[in-house]
Structure formats: structure tokens, C-alpha cells
There are 2 protein chains.
Amino acid sequence: MSQRKAPSEAGRATIRDVAEHAGVSVASVSRVLSGNYPVSDELRRRVMKVVRDLDYVTNAHARSLAGGGTPTVAILINNITGAAFAHVAKGVEGAATLRGWLSLVGTTGDDPERELALVNLMRQQGVAAVVLLGGAYDYDEYQLRMARFARSLDAAGSHLVLVGRPPLEGDVPATTVDYDNEGGAYAMASHLLSAGHRRVLVLPGPAGLTTAQGRLRGARRAFEAYGIPFDPGMIRHGPYDDTHGYTAVEAALRETPDFTAVLAGTDVVAAGAMQALRAAGRRVPEDVSIVGYDDIPLASQLTPQLTTVHVPYEEMGRVALRAVADRREGGTGRRKGADGEHLVLGTHVVVRNSVRPPAPRG
Amino acid sequence: MSQRKAPSEAGRATIRDVAEHAGVSVASVSRVLSGNYPVSDELRRRVMKVVRDLDYVTNAHARSLAGGGTPTVAILINNITGAAFAHVAKGVEGAATLRGWLSLVGTTGDDPERELALVNLMRQQGVAAVVLLGGAYDYDEYQLRMARFARSLDAAGSHLVLVGRPPLEGDVPATTVDYDNEGGAYAMASHLLSAGHRRVLVLPGPAGLTTAQGRLRGARRAFEAYGIPFDPGMIRHGPYDDTHGYTAVEAALRETPDFTAVLAGTDVVAAGAMQALRAAGRRVPEDVSIVGYDDIPLASQLTPQLTTVHVPYEEMGRVALRAVADRREGGTGRRKGADGEHLVLGTHVVVRNSVRPPAPRG
DNA sequence: TTGAAAGCGATACCAC
DNA sequence: GTGGTATCGCTTTCAA
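Residues numbered from 1 in each chain as written. Chains lettered and ligands numbered in written order. Predicted model: local features only at pLDDT ≥ 70, side-chain atom pairs only at ≥ 80, totals over all residues. Heavy atoms only, no water.

Enquirer: Report on the overall build of chain A, specifying residues and quantitative values.
Expert: Helices and strands together make up the secondary structure of chain A, namely 13 helices and 11 strands. Taken over 362 residues, chain A has a buried fraction of 52%. Here the contacts in chain A between residues at least 6 apart in sequence split such that 72% fall between residues at least 24 apart. In the form shown here, chain A has an accessible surface area of approximately 15,500 Å², with 51% of it arising from carbon and sulfur atoms. (Helix = DSSP H or I, 4+ residues; strand = E, 2+ residues; numbered from the N terminus. Buried < 20%, exposed > 50% of the residue type's maximum accessible area, 1.4 Å probe, protein only. Contact = heavy atoms within 4.5 Å. Areas by Shrake-Rupley, 256 points an atom, 1.4 Å probe, with all protein chains shown as cover.)

Enquirer: Explain the protein's contact with DNA strand D to me, using residue names and the numbers behind them.
Expert: Within the structure, DNA strand D sits among 26 residues, and Ser28(A), Arg31(A), Ser40(A), Ile15(B) and Tyr56(B) are positioned closest to it. Between DNA strand D and Ala66(A) there is a distance of 3.4 Å, counted from a base oxygen to a backbone nitrogen or oxygen. Here a phosphate oxygen of DNA strand D sits 2.3 Å away from a polar atom, N or O, in the side chain of Tyr56(B). Going through the elements one at a time, helix 2 (26–34) and helix 4 (60–66) of chain A together with helix 2 (26–34) and helix 4 (60–65) of chain B are the ones with two or more residues in the surface near DNA strand D. (Near = heavy atom within 4 Å. Polar contact = N/O pair within 3.5 Å; in protein donor to acceptor, adjacent residues only side chain to side chain.)

Enquirer: Could you give an account of the pairing of strand 2 (residues 102–107) of chain B, with specific residues and numbers?
Expert: Residue and element names in this part refer to chain B. The element strand 2 is extensively covered by neighbouring structure, given that six of its six residues are classed as buried. Judged by which residues are buried, strand 2 turns out to be covered on both faces: Leu-102, Leu-104 and Gly-106 on one side and Ser-103, Val-105 and Thr-107 on the other are all buried. Bridge count for strand 1 (residues 72–77) against strand 2 is six bridges, and the pairing is parallel. Each bridged residue has a counterpart across the sheet, and for Val-73 the counterpart in strand 2 is Ser-103. On the question of chirality, the crossover connecting strand 1 to the parallel strand 2 by way of helix 5 (residues 83–98) is right-handed. (Pairing = 2+ DSSP bridges. Right-handed = clockwise from strand over helix to strand, strands pointing away.)

Enquirer: If you had to explain the confidence of the model for chain A to someone new, which residues and values would you point to?
Expert: All names here are of chain A. Averaged over every residue, the pLDDT of chain A is 91; residues scoring 70 or more account for 94%. A low-confidence stretch, residues 1–9 (pLDDT under 50), is modelled with nine contacts involving residues beyond four sequence positions or located in other chains. In the predicted structure, residues 332–336 sits below a pLDDT of 50 and forms five contacts with residues beyond four places in sequence or in another chain. (pLDDT = per-residue confidence, 0-100.)

Below, the structure is given as C-alpha cells:
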């Protein structure tokens, strides 16, 4: 009914409400609130009192339209329940918070359409960066798709960051934060080999997924380095989940039962493998050794505790955020850092109790 | 240099750029894009072509300022790496996506100040609802604090949802989505009791945390129902993590070693307990039975697979979102549903392999 | 069916 | 030091 709606009756109080109640101009209120401008103590007190009374907070949308606004990072993941991704997200979130940035999380459920929709949604939100998490299938189409994302975002003043995914070829405005995936697998396989294992069941993960490919390559290189033949028949691809670990081991037990160790693509796969071995009456690690990859908390919760490859997920998240923050802050004129920046973090083997030398063959 | 900046040179293209390139008015572009208004096919085609050429997406901030905009839910959690919370988040996210809503995730790190800051931040963002996840310490202060949050958000046209936390007393505009925490504990403890266990080590969780209190109450009630004395000396409080499970069992092994079962506050605590038992040479479940609570994936990855209480985390997330969506959509005049709504979902015991009748006493 | 113009809430530039 | 006010990009009456 009233000409100018009272703050209490119609949603949120605005800066105008505050100005009127305090008997000052909106400009003054804005100055007090942003704090980056000299104002008299008297004015500040008056304004702040009203702000408290009205429980006023500024409208982030209006602010961001007018120029200010909190920088926001968007994290896009396939599945929020994956432990590894949660750690990356934690790293991003933590580093973002430290800088007063906001972070958004979206899940794609492995659906390319949804991924596209989300990237656009984030573009609409005007996010400072979009972080895409997790392995991918590196077809030509992937490169094309990502290049398009990168350019779209770049044109909108945003930036694409790929974490744990293959870097983009050519001159594409995207940052990649990666870990030494193949090196980790090489070290892990070497660990098995040096313990004396020769017949090892390899469960790299989904065929075609870049992380799985890298892990497989690392393992193969280790075998070569040891001069040991690498039997392709001992490789079983499948999803990164415990069910696959279980069924793959079951099958292997039937078809190639002479393996003395399992090189699992992830800790979760290793957990499934361990279950299957036990179900078949094989002891771990006395009869069969198992190693994982990722070093999520699960690894040390299993019995025996799992020897695995530590991937610095949280650190990667932090690094990713730092990369976009730097580029944004250093960017008064030309952007800081080259486009197509590719950062690689190290991995290392964490030795626990799931590996023993193979039992002497009967 | 140009009067009106070209889209390609200065950040994001605007609706004006589209209008000019298409030779139509901004109003028309807006209509084509929102689709909720009749436009000629010719106009639609012209506009859409330019939209594609320019790779235009609307500015979400501007849109939301002007009235439209995507409803957004904010999820606030203590620690993003907690598996249980991840599932709630997944439920919320999934349901949000289904309705075209956006979801934000923020982490508080158990810091009340940060929690406050985040609630305000979300208020600034004009979110449709703020979902607070996880147990809490229900002091008077908690009630006051949450009531304040609830009213602040309500006044701003938003809404507070508490998930897995105690409901608010009095006439406070907040929705609570909860599960039958005490009932689950009662059932779980009964399961142990009916298997013949009498001396059970209880690890409820952090003293004072509402979830821990509820689980302890449930256990106690079960003992009473069985007419079995409940020894307070068998209760050991501590954090919901595997380290606590480990150290608590170690201590119990020294001080009250006659227990035949462990009733852990969460699956993760159970995992730690299991480790400690094994390290001390006790077999699970032959010598000691263990049960958990939550039924996160870990429960079925342990050996033996853990008997535990299933908590419908993902479902709770879905329900929480549905509650706020309903209230918002049903709200042309009066709000739908009473304030202080309290939804409670059921829990149930999932029997796996970690419980055996106690060994005959020597 | 389409266009012009008045806001939405906050910022920042320009006067005083 | 403080107050007007144009402006950000979009939606939505109101006219035509």
C-alpha cells in the first residue's frame, strides 16, 4: 500500500531503506559499507546502526552488476560422492575462501549435455573460472569441445581450468593442473616387481579414460624396465568402483589364477578386489598382494592397510585456484602467465601393509 | 575507441549487442530468450542466429536483479570430505537440477563465525534456501543462533532448512529434515543384544553432539528393554573419525577388555575400531563383533562387511529440496505448509557380516 | 507482434 | 566529507 515499501513487509531491505532510515544518501551508505572511502565517524555510526537494526545485507546481484562483486569459482564434477574429487573441491574451496572468493559446485553425472549446460550456466553467473575435474576420454571430440569451452569462457572474461584431465593442444586459453599419473603407476608397479611379483593382475580402470590409460602405460613401462613380459591377458578394464574390482578378480581367479598381485586403478577398486580374494579364500597379503591408487582415507581403513600411490588432490585444488587468482590479479594489462599453462604435481608411493613377496610357487 | 563497445573486444556480449546485430529491440531478444511470450518465427530465427554467432548467454545477475533468475539453494556443511554429507549434497543437487535450480556448496569447517559469514553471504546472493547439514551442539545458544538465521533469511524471502540437526523450538520459520537417529541406534543395539552380547563398548561420538546423544540414548533404551545393565564405563566419547575408533579401542582393551562387541557411532569410527582390534590380535567378528552407523560405501568395503544402520542421506537431501521448492511454488498468497515443519525419515539396520554371537566365556 | 522506457539495487563519478 | 545521478544488463509494463 505504501508508496515506498517498508523493508519489513516486502522482502529484503535495500540500500535505499538504510539511507532513508539513517537520513543520509545512498552514496554515503555505499561508502560506509564498502569501507574503501573516507567517511566521518558520525556517519559511519549512524549507518551501521540502521544496518544492524534492519539486518541489511547488500544484494550481491546488484553489486556485481554495478561492477563490484565477489569473484566466484565453479567446480564441475561428475559425481560428488567420489572421495578423490571431494578433496580437490576442498582444496579449491579452502583457497577460495582464503581470498574471499565464493565457490559453486555442480555435478555432471558424466553427461556431456549436462556438462555443456553447466558451463553455460556458470558463464551466465559470470564466474571467474570454471574448474573441470576428473579424467576424460580424450577423443578429438574432447579437444574440440574443451577448446570451445575455453574460448567461450575466455571471451566472457572467465577462464577454464582442467584438473586431472589431459591438457589442451594448440593455443587454447585454458590452464591444466595435473599430477604425474603415469609416474605414479610406474613407481607402484616397480614396487610390486621389486618385491618379486611377476604375474600381476592389472585393473587400470575404464578403457579409454585418460587416467586409466596413463596408469596402464606406467605399469607397462615398469615391466619393460624390469625386462619382464607384460601379459595383456592380465589386464581387465572396467569402472572405477568396488563392484568392478570384485568381479574382475572373480573372473581372473577362474581364467588366469596364477597371479600373485593385483595392481588396482584406484583404492576403491582395490577394496573390491580384496573382498573377492577373501571370498575365494585367498589371504591378503600372504597369498596375494594388492596395491591401489589415489590414497583416499579408505586406503588406510582397509585391513591390511593399502599400499598405494598418493595423489595430492587437495593440493591440486589449491593450485588450481591460485592459478586463476594470480592470472586475475596480475591482469591489469596483459594477462599473467602464458595461455595453455600446464602445472604438474608429483605423486609418490605410500607403503603400508598390503604387499608381501610372492609365496614360493608350489 | 568505438562509442558502443563491440562484443568481441570488451568481455561479454550483452543483450543489446544481440539486438543490434539482429536489428531488433532488446525487448524482443528478451522475449525470444525467455520463451514465455509469443514471437514470430522470423524474429526468433534472426535472434537465435545472432545468439549462436555471438555465443551469447544472459547475465544471471542482471536477470535476477530484474526479477527473473534461477532459484538457488545453498548447502552449508562442515567438511566436504565427509561421505555422509556428500550424499545429502548429492540429493539436494540432484533434486535442484531436476527443477532447474542451481546449488551452491559452502564449508564452515565447524567454525561458527564462518557459518555466520556464509549465511550472510548466501543472503546476499538471494538464495531461495540455505540448507545446514550435520549434527550440532544443542545449547541454548544454538537455538538462539539458528532462530536468528531463520528469521533473517525469512525476512529476505529465503528459508532455513536444517538437515540432521535438532529442530528449532517455538515459532521459528525453519524446516527440519531429520532421520530416526535414536530409533536406528535402538535397533542396532538390540541386534547386538539379541545375538547374545552383554558387554559392549559404546563409541557414540563427540559428547554433546546431538547425533551422538541420540545414538547413545537409543543404545541405552535397548539395554533397558532387554533388562541388561548399561555400564557407563563402557562409553567412550570422541570425534567421528577412525583415529578415535582406534585409540578408544586400544584404551578399552587395556581398561575394560571383557567387551565382546563394539557399537560405533559411525562407520568410520567402526573402521578404526576394527583396525585396533586386529592390531591387538582380536579377530572380527569371531572374537569381537562390530557395528557401525550411517551405511556409507565404506561399510561394505571393509572386511568383514559391516553391519550398520542405514541413514537415507541422499533421500534427506531430496526431501529438503522438495520442501523448499514446494513452499516457494505454493506461495502465491499464504505460504504452504506450517512454519517449523519437521520431517523425519526412517532408518533401518543393514545386516552384513560383522556380528557373531559372543564366544563362550573362558 | 514489436518497440520504448521504467525500474531492479548498488557503485562510482561529478559536483558542492 | 557528502549528496545527486548515470550506469550495469535484463525484464516487463505500456503503447503502438
